[in-house]
Amino acid sequence: MLLFFTVLSEWVYLGAVLLSLLLLILSVTAKRSSSGLQRGPSLSFRASVSSYRVALMLITCLCILAVDFTIFPRRYAKTETYGTSLMDLGVGSFVLANAIVSRQARDVSSGNWITGLKGTAPLLLLAFIRLVTTSGVDYQVHVTEYGVHWNFFFTLAAISILTSFVNIPAKYCGILGFSVLAGYQTWLISGLNTYLLSDERGTDIISKNKEGVYSILGYWGMYLLGVHLGYRLFYAKHSNIRSTTSSIARVFLVSLLLWIVTILLDNYVQRISRRTCNMPYVTWVLAQDLQALGIFMLSSYIPMNKLSSLEEAIDQNLLATFLLANLVTGMVNLTIDTIFASPFSSLLILTAYAFALSAIIGTIHFSGFRLKFW
């Protein structure tokens, strides 16, 4: 991953094609063999989702530090207004990954709204801790990303609070999610988009954090659609919890339809914008992530395929991994002038960072510790 994001970035498409062909060859070979026909998929849907979530987290952790070095291609960095990039997927993918496997998607009772609010408290605590620490050490924060005070944990907390108050069955989440997104997109087209992308900021708290506050509607709509898709594709009565051929086909079909919708929205409604989390951005994240999830489900046909120890460790401590990555990233940026680091030094630092992150999370998992809030 690290090599394809840095020194081998020009070869990433060739690498993706070759790896995809290898996966298809292994899958077809396994399916045609007698043992493959008897066994079927070797991994459950849950294991495939775990691999997908771990890959998403590893990519995120590598990118948040790599982006500060010159060997990281600028085309992978977050866009300022419109467009798409690798890092634009981060926040949306994290929200969607949690929605697909949420208790709501699995049609499991999550208690009343008071229980939901209690579960949100740790996220709010992390949000304020990040706000205080970044302000205290004068750490560089891109105001156009979320606002002056807002951060990713506030967005997660807001989604959790809204979901606690509006707790409806998964089969109806799609209707609500689409309604929220349609209303928000209409508001954006009617003038809100111009305000959010402008440099205009008032003195009130909402105006100072306009990007983070208003984009909650987009991320909440995305979460609701993710819950509905997770329920319909994997947890409804007609679905088989194992990565069967039919379930994999459904995932790829829905992904294809979402790609078509994304192209239409991007060309005829509004260009994709992570900053506002508009409807084209939501459908783009859904299409991209379902496509990736389908590939992970396809890999379940490879004989003797199972989760690695590192995957198990990170999957059990996704939030701890993200927090540790943010902490180490901040420490590196405060001690090293990353802009002037040579390509060799940059790659050496990033490799050491990736290894240290994996080793620490592996040790935490081995000790039996687990940190999960959402």
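Above this note sits the structure.
In this text the structure is predicted, and so the values were computed from the model without any measurement. (Residues numbered from 1 in each chain as written. Predicted model: local features only at pLDDT ≥ 70, side-chain atom pairs only at ≥ 80, totals over all residues. Heavy atoms only, no water.)

Description of the overall build of the protein
Put simply, the test is: Helix and strand definitions here come from DSSP, where helices need a minimum of 4 consecutive H or I residues and strands a minimum of 2 consecutive E residues; each element is numbered from the N-terminal end. Between buried and exposed lies partly exposed: a residue is buried under 20% and exposed over 50% of the maximum accessible area for its type, with that area taken using a 1.4 Å probe on protein chains only. By definition in these notes, contact holds between two residues if any of their heavy atoms fall within 4.5 Å. Under the convention used here, a 1.4 Å probe and the Shrake-Rupley method define accessible areas, while residue burial counts only the protein chains that appear.
Within the protein one finds 16 helices and 0 strands. Here the protein holds 374 residues, and the buried ones make up 49% of them. Summarising the internal contacts of the protein: among those between residues at least 6 apart in sequence, 82% fall at separations of at least 24. Summing over all exposed atoms, the protein offers an accessible surface of approximately 18,200 Å²; the carbon and sulfur share of this is 68%.

Notes on a nonpolar patch on the surface
The test is simple: Patch building starts from residues that exceed 30% relative accessible area and form no salt bridge, then joins like charges within 9 Å and nonpolar side chains (Val, Leu, Ile, Met, Phe, Trp, Tyr) within 5 Å. Throughout this description, the term salt bridge denotes a Lys or Arg side-chain nitrogen within 4 Å of a carboxyl oxygen of Asp or Glu.
Together, Leu 3, Val 7, Leu 8, Trp 11, Leu 14, Val 17, Leu 18, Leu 21, Leu 24 and Ile 25 line one region of the surface with nonpolar side chains, adding up to about 930 Å² of accessible area. Considering every element that reaches the nonpolar patch, the biggest residue donor is helix α2 (residues 12-32), with 6 residues. Inspection of the secondary structure assignment puts Leu 24 in helix α2. A relative accessible area of 43% places Leu 24 in the partly exposed class.

Overview of the pattern of salt bridges
Counted under the stated rule, the structure contains 5 salt bridges. Overlapping salt bridges bring together Arg 201, Glu 211 and Arg 275 as one network.

Comments concerning the side chain of Asp 289
The criterion, for reference: We count Lys and Arg on the positive side and Asp and Glu on the negative side, and we leave His and both chain ends out. A 3.5 Å cut-off defines polar contacts: any pair of N or O atoms within that distance qualifies, except that in protein one atom must be a possible hydrogen donor and the other a possible acceptor, and neighbouring residues in sequence count only when both atoms are side-chain atoms.
By secondary structure assignment, the location of Asp 289 is in helix α13 (residues 279-298). Buried within the structure, Asp 289 lacks any salt-bridge partner; Arg 53 is the closest side chain of opposite charge, at an N-O distance of 10 Å. A distance of 3.0 Å separates a polar atom in the side chain of Asp 289 from a polar atom in the side chain of Ser 93. Setting aside anything within four residues of it in sequence, one finds Asp 289 in contact with Tyr 52, Leu 89, Ser 93 and Leu 96.

Thoughts on unusual backbone geometry
The phi angle at Cys 277 is positive, at roughly 55°, despite the residue not being glycine. For Cys 277, the position within the fold is in the loop between α12 (245-268) and α13. Owing to a relative accessible area of 0%, Cys 277 belongs among the buried residues under this scheme.

Details of the packing of helix α4 (residues 45-66) against helix α5 (residues 89-100)
To be explicit about the condition: Fitting a line to C-alpha atoms yields each axis, with helices limited to the stretch in contact; the angle taken between N-to-C directions then spans 0 to 180 degrees. Convention used here: angles under 35 degrees read as roughly parallel, angles over 145 as roughly antiparallel, angles from 65 to 115 as roughly perpendicular, and any remaining angle as oblique. Crossings are assigned a handedness: left-handed for a near helix turned anticlockwise from the far helix by less than a right angle, right-handed for a clockwise turn. Residues are grouped as follows: nonpolar covers Ala, Val, Leu, Ile, Met, Phe, Trp, Tyr, Cys and Pro; charged covers Asp, Glu, Lys and Arg; every other residue, Gly included, is treated as polar.
Two elements in contact, α4 and α5, have axes whose closest approach is 11 Å; the angle formed by their N-to-C orientations is 160°. One element, α4, and the other, α5, form an angle in the roughly antiparallel class. Every pair of crossing elements has a handedness; the one defined by α4 and α5 is left-handed. Residues Phe 45, Tyr 52, Arg 53, Leu 56 and Met 57 of α4 pack against Ser 93, Phe 94, Ala 97, Asn 98 and Ile 100 of α5. Of the residues in the contact of α4 with α5, the class split is 7 nonpolar, 2 polar and 1 charged.

Side note on the side chain of Asn 151
Tracing the backbone shows Asn 151 in the loop between α7 (143-146) and α8 (152-165). Residues within four places of Asn 151 in sequence aside, it is in contact with Ala 127, Arg 130, Leu 131 and Tyr 146.

Things to note about the packing of aromatic side chains
Put simply, the test is: Geometry of aromatic contacts follows a simple scheme: Phe, Tyr and Trp rings, the Trp one being its six-membered ring, pair when their centres are within 6.5 Å, and the pair is stacked under 30 degrees between planes, edge-to-face over 60, tilted otherwise. The criterion is that NZ of a Lys, or CZ of an Arg, lies within 6 Å of the ring centre and within 35 degrees of the ring normal, and then a charge sits over that ring.
Following the criterion strictly, the structure yields 13 aromatic pairs and no others. Arranged with centres 5.7 Å apart and planes meeting at 75°, the rings of Phe 152 and Phe 322 form a pair that is edge-to-face. Pair noted here: Phe 152 is in helix α8 and Phe 322 is in helix α15 (residues 318-335), with a separation of 170 residues, a long-range link. The pair Phe 152 / Phe 322 is uniform in exposure class, with both members buried. Chaining the aromatic ring pairs together yields one cluster made of Phe 94, Phe 152, Phe 153 and Phe 322. Positioned above the aromatic ring of Tyr 76 is the side chain of Arg 75, whose terminal nitrogen or guanidinium carbon lies 4.9 Å from the ring centre.

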